[in-house]
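Letter by letter, the chains look like this.
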Amino acid sequence: TQPVFIQRKTEIPTTNGFISYKLLVPKNKTFKDIVDSIDGLNCGISWKNILNVSGDLSAVGDTVKESNEYLAGDDNKLNIKALEVSITCPLSLSYCFVVYGGAGGRFESIAVNGGEYGEDAIANFGNSAYLATAGIKYTVDVSKKSSLGVDINYGKTFSAKYTDYDMYRIGLLFNYED
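Residues numbered from 1 in each chain as written. Predicted model: local features only at pLDDT ≥ 70, side-chain atom pairs only at ≥ 80, totals over all residues. Heavy atoms only, no water.

## What about the nonpolar core?
One recurring pattern in soluble globular proteins: nonpolar side chains tend to sit buried together. Counting residues in hydrophobic clusters, the biggest one holds 13 residues, and the most contacted among them are F31, V35, I38, L78, I80, I110 and Y165. Elements represented by at least two residues in this core include exactly α1 (29–34), β4 (77–92), β5 (97–113) and β9 (165–176). Per-element accounting of this core gives the leading share, 3 residues, to β4. (Core = buried A, V, L, I, M, F, W, Y, C linked by side-chain atoms within 4.5 Å. Buried < 20%, exposed > 50% of the residue type's maximum accessible area, 1.4 Å probe, protein only. Helix = DSSP H or I, 4+ residues; strand = E, 2+ residues; numbered from the N terminus.)

Right, dumping it as structure tokens:
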């Protein structure tokens, strides 16, 4: 029998969705002294690799360091909820590989939760910033209408009120078209 090949699409998929692991490394020394890094789940959507919208769903900081006399405790955490919007310029290296770079904004809320207060916030503050982003996407077709892939991304925030971040993201990319 003859092998069956999936016919390649001729254009960049219209819409990609992604679910990713994201690591945020604070650049503010005081902030970094309280927590080393912040990680969590990031989900989003990308239209033609140009308009990108994503959200950090459950970014929870490591337990606050015991050396911090004000916030030390077994249950103290930093919870971050953020929305990122960016415009990027994609460069297609082949149908499977796309590199991209661009700019946008990150709209963020940080809550410090304390052990004796349960999930109630001890402090809650905004930390919105400008965003620069770059990444690479690799996709393979799994049928004539769908593809799967990997998205690797680096982002950096600027002019945040409290702390800027270096952000690293790796995740699963999926696409389905009618």
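## A closer look at unusual backbone geometry
For K48, which is not glycine, the phi dihedral falls at a positive 50°. You can see K48 is positioned in the loop between β2 (38–47) and β3 (51–61). Relative accessible area serves as the criterion here: at 29%, K48 is assigned to the partly exposed category. Not every positive phi belongs to a glycine, and S159 is a case in point at roughly 60°. Within the secondary structure, S159 is located in the loop between β8 (146–158) and β9. On the accessibility criterion, S159 (56% relative accessible area) is exposed.

## Focus on a nonpolar patch on the surface
Taken together, I19, L41, L57, L91, L93, F97, Y138, V140, V142, L148, L172 and F174 make up a surface patch of nonpolar side chains, about 1,000 Å² in accessible area. Note on placement: L91 falls in strand β4. (Patch = residues over 30% accessible without salt bridge, like charges linked within 9 Å, V, L, I, M, F, W, Y side chains within 5 Å. Areas by Shrake-Rupley, 256 points an atom, 1.4 Å probe, with all protein chains shown as cover. Salt bridge = Lys/Arg side-chain N within 4 Å of Asp/Glu carboxyl O.)

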